[in-house]
Amino acid sequence: CSGVGAKAMSASGSSGTVGSPNSHSVILEDVAANLPGMVYQFKIATDGSWSFPYVSEGVFELYGFTAEEVMADASVLADAVHPEDQDRLRESIEESLRNLTRYSIVHRIVARDESVRWLEAHSTPQRLEDGCTLWIGIGVDVTAKQESVEIIDGFFEQSGSLHLIASLDGQMIR
């Protein structure tokens, strides 16, 4: 389709018109739109402030906030972390920031509609030339998986004779 331009958000968070529907920014945006959950860039500035330079539209299904709301005000996601998980989340981010190690966590969120969901997030940090740290990652709703784990844990608590549970593919679960 010659002459067709598309407005796209690049992985770096800048938008612009691209000349081909096969350009990298359009492909990346299409991939992000088709992944479960959300793709994000999370940034901590040298003054300690947090921001989300980029968040895919999948953030709406998880949190109930639009990507534009989150990119304009990172506190909407910070405030959505379940109160009992806030300290653990902060410690995990601080460790990743300090050591530039991969960030991986499962924690609860309270979405805009007040539903409680479990989020699994993974991201990799990089120190930028200006001293800021940028994580690029994904967040996925794992509520159903977490609820299944809680059911299995309940079986173990109630039964002293239950010693092993294996998945259908033979992996030991407990």
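Shown above is the structure to which this text applies.
Cut-offs used in this document
Residues numbered from 1 in each chain as written. Predicted model: local features only at pLDDT ≥ 70, side-chain atom pairs only at ≥ 80, totals over all residues. Heavy atoms only, no water. Pairing = 2+ DSSP bridges. Helix = DSSP H or I, 4+ residues; strand = E, 2+ residues; numbered from the N terminus. Buried < 20%, exposed > 50% of the residue type's maximum accessible area, 1.4 Å probe, protein only. Polar contact = N/O pair within 3.5 Å; in protein donor to acceptor, adjacent residues only side chain to side chain. Core = buried A, V, L, I, M, F, W, Y, C linked by side-chain atoms within 4.5 Å. Contact = heavy atoms within 4.5 Å. Phe/Tyr/Trp six-rings, centres within 6.5 Å; stacked < 30°, edge-to-face > 60°.

Visitor: So what's going on with the pairing of strand β5 (residues 103–110)? Residues and values would help.
Guide: As paired strands, β5 and strand β6 (residues 116–127) are joined by eight bridges and run antiparallel to one another. Paired with Y103 across the bridge in β6 is S123. A loop of five residues connects β5 with β6, the two strands running antiparallel in sequence, and E114 in this loop sits at a positive phi of about 75°.

Visitor: I'd like a description of the pairing of strand β3 (residues 38–44), backed by residues and values.
Guide: A regular strand places its side chains so that they alternate between the two faces of the sheet. Among the seven residues of β3, six are classified as buried, and the element is accordingly described as predominantly covered. Bridge count between β3 and strand β7 (residues 133–141): seven bridges; the pairing is antiparallel. By the bridge assignment for β7, M38 is matched with G139. Both β3 and strand β4 (residues 50–55) contribute to a ladder of four bridges, which runs antiparallel. When the sheet's bridge partners are listed, Q41 is paired in β4 with Y54. Linking β3 to β4, which pair antiparallel, is a turn of five residues; within it G48 sits at a positive phi near 90°.

Visitor: Explain the side chain of R117 residue by residue, including any values.
Guide: Looking at the element boundaries, R117 is found in strand β6. The class for R117 is buried, based on a relative accessible area of 18%. A polar contact is formed between the side chain of R117 and the backbone oxygen of E61, at a distance of 3.1 Å.

Visitor: I'd love a proper account of the nonpolar core, names of residues and values included.
Guide: In a soluble, globular protein the nonpolar side chains are often hidden away together inside. Within the largest apolar cluster, 25 residues are counted, with the highest numbers of intra-cluster contacts made by Y63 and L77. Broken down by secondary-structure element, the contributors of at least two residues to this core are β3, β4, α2 (59–63), α3 (67–72), α4 (75–78), α5 (86–99), β5 and β6. Broken down by element, this core gets its largest block of residues, four residues, from β3. Dropping the residues within four chain positions of it, Y63 is found in contact with M38, L77, A80, I109, A111, R112, R117 and L119.

Visitor: Help me get a handle on the packing of aromatic side chains, residues and values and all.
Guide: Throughout the structure, instances matching the rule amount to four aromatic pairs. Between F42 and F52, the ring centres sit 5.2 Å apart and the planes meet at 45°, which makes this aromatic pair tilted. In this pair, F42 is assigned in strand β3 and F52 in strand β4, connecting sequence segments ten residues apart. The two residues F42 and F52 agree in class, both being buried. Joined through ring pairs, the aromatic side chains of Y40, F42, W50, F52 and W135 make up one cluster.

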